[in-house]
Each structure stands twice: as structure tokens, then as C-alpha cells.
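Each chain is listed here by its residues.
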Amino acid sequence: MEQRISLVTLGVSDYGRAKAFYEALGWSATMDIEETAFFQANGCILVLWARDKLAEDSGISDDGARWGGIALAHNLGSREEVDKVIEQARSNGAEITREPSETFYGGYAGVFLDLDGHPWEVAHNPGFGLDEDGNVVLPDRP
């Protein structure tokens, strides 16, 4: 298996509400088919799909757990950009679970939960580069 992620699908309780939330953050769906939104996110695609349909399709019993042990991350080029995105999420109904602050790795980050409880870390990591398309570039290891 190649070291690559093609899609990340978020199970959502209210498709219209979830899509409107991501659009309010500035995301634009490339495709919208049968209440399934596909957002091109650099080399990966973020998908919004009904939580019950995702669970059934995956063969998983959905117990409605709020924390699935996974966090998404959005890296930015500055602390100011982190603050801006966290405030944008807050003003569109997201719960801020960690206000932006210094991190143990010398960066700056905050975390919000989208309207379905999916956690997003919004971070500036001075140890990671960003290319012209906003992709994270890991440093060479010594």
C-alpha cells in the first residue's frame, strides 16, 4: 500500500448544516452528489456524508460516540492566520476546545469541533514548511 491518503470522509448528522458550515469557512464543494459533498483539499479530498450511511457502508455499528480518536489538522504560515481561522470557526458555530496558544513543539495552535464534533487543530509549526499550494513539507531528517 502506498503511503498516501486519498479521501477523508466525515460522517455528519445534518448534511445541509454541515455543508453550510464548511462553506462559511471558505470551502467550496467540487462535487455535490446525492447529499455527499466533495471538497478538493490539495492532494486529498474531504467528503461530507450522512453519519448513518457512512456507518452502514463501513459495516460499523454507530454508537454516536463524540470522540473517535482522530483529529484533522490545518497548518498555516503564521500565528495570525491561526487566530483568524479559529475566530472564523467560532463565529460559525464551532466549539473551541483549545484556544490558540503556544505548543510544546515551539509552534502555535488551537482546536475547534465542527458542528458534528470532528476536531480540527489549526496550527502554525515553524518546523514545517508550506509549499506554494499550502501543502505541508516535512524537514529532512539528519
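Residues numbered from 1 in each chain as written. Predicted model: local features only at pLDDT ≥ 70, side-chain atom pairs only at ≥ 80, totals over all residues. Heavy atoms only, no water.

Is there a simple way to explain the environment of Leu-10 in this structure?
Tracing the backbone shows Leu-10 in strand E1 (residues 7-12). Excluding its chain neighbours within four sequence positions, the residues that come into contact with Leu-10 are Tyr-22, Leu-46, Val-47, Leu-48, Trp-49, Leu-54, Leu-72, Asp-114 and His-118. (Helix = DSSP H or I, 4+ residues; strand = E, 2+ residues; numbered from the N terminus. Contact = heavy atoms within 4.5 Å.)

Please clarify how helix H3 (residues 79-91) should be interpreted in this entry.
Every α-helix carries 3.6 residues per turn, so stepping three or four residues along brings you back to the same face. Its 13 residues give H3 an end-to-end C-alpha distance of 19 Å, which sits within 8% of 18 Å, the value for a rise of 1.5 Å per residue. When we look at burial in H3, the residues that qualify are Val-82, Val-85, Ile-86 and Ala-89. Along the long axis of H3, the arc covered by the buried residues comes to 100°, so they all point the same way. Projecting away from the buried face of H3 at angles above 90 degrees are the exposed residues Glu-80, Lys-84 and Ser-91. Buried positions along H3 lie against helix H1 (15-24), strand E6 (95-102), strand E7 (108-113) and strand E8 (119-124). (Expected span 1.5 Å × (residues − 1). Buried < 20%, exposed > 50% of the residue type's maximum accessible area, 1.4 Å probe, protein only. Arc of directions from axis to C-beta.)

Is there a simple way to think about the side chain of Asp-114 in this case?
Structurally, Asp-114 can be placed in the loop between E7 and E8. Of the buried charged residues, Asp-114 lacks a salt bridge, with Arg-17 as the closest side chain of opposite charge at 7.1 Å. Side-chain polar atoms of Asp-114 contact the side chain of Tyr-22, separated by 2.6 Å. Once residues within four sequence positions are removed from consideration, Asp-114 is found in contact with Leu-10, Phe-21, Tyr-22 and Trp-120. (Lys, Arg positive; Asp, Glu negative; His and termini not counted. Salt bridge = Lys/Arg side-chain N within 4 Å of Asp/Glu carboxyl O. Polar contact = N/O pair within 3.5 Å; in protein donor to acceptor, adjacent residues only side chain to side chain.)

Please explain the pattern of salt bridges as it appears in this structure.
Scanning all chains against the criterion turns up nine salt bridges. For Lys-19, the salt bridge is made with Glu-23, and the minimal N-O distance between the two is 3.5 Å. Within this pair, Lys-19 and its partner Glu-23 are both found in helix H1, separated by four residues, close to a single helical turn. The class for Lys-19 is buried, based on a relative accessible area of 17%. Taking the shortest distance from any N to any O, the salt bridge between Lys-19 and Asp-32 comes out at 2.7 Å. With Lys-19 in helix H1 and Asp-32 in strand E2 (residues 31-32), the pair connects residues that are 13 residues apart, well separated along the chain. Here the residues in one salt-bridge network are Lys-19, Glu-23 and Asp-32, joined through shared partners.

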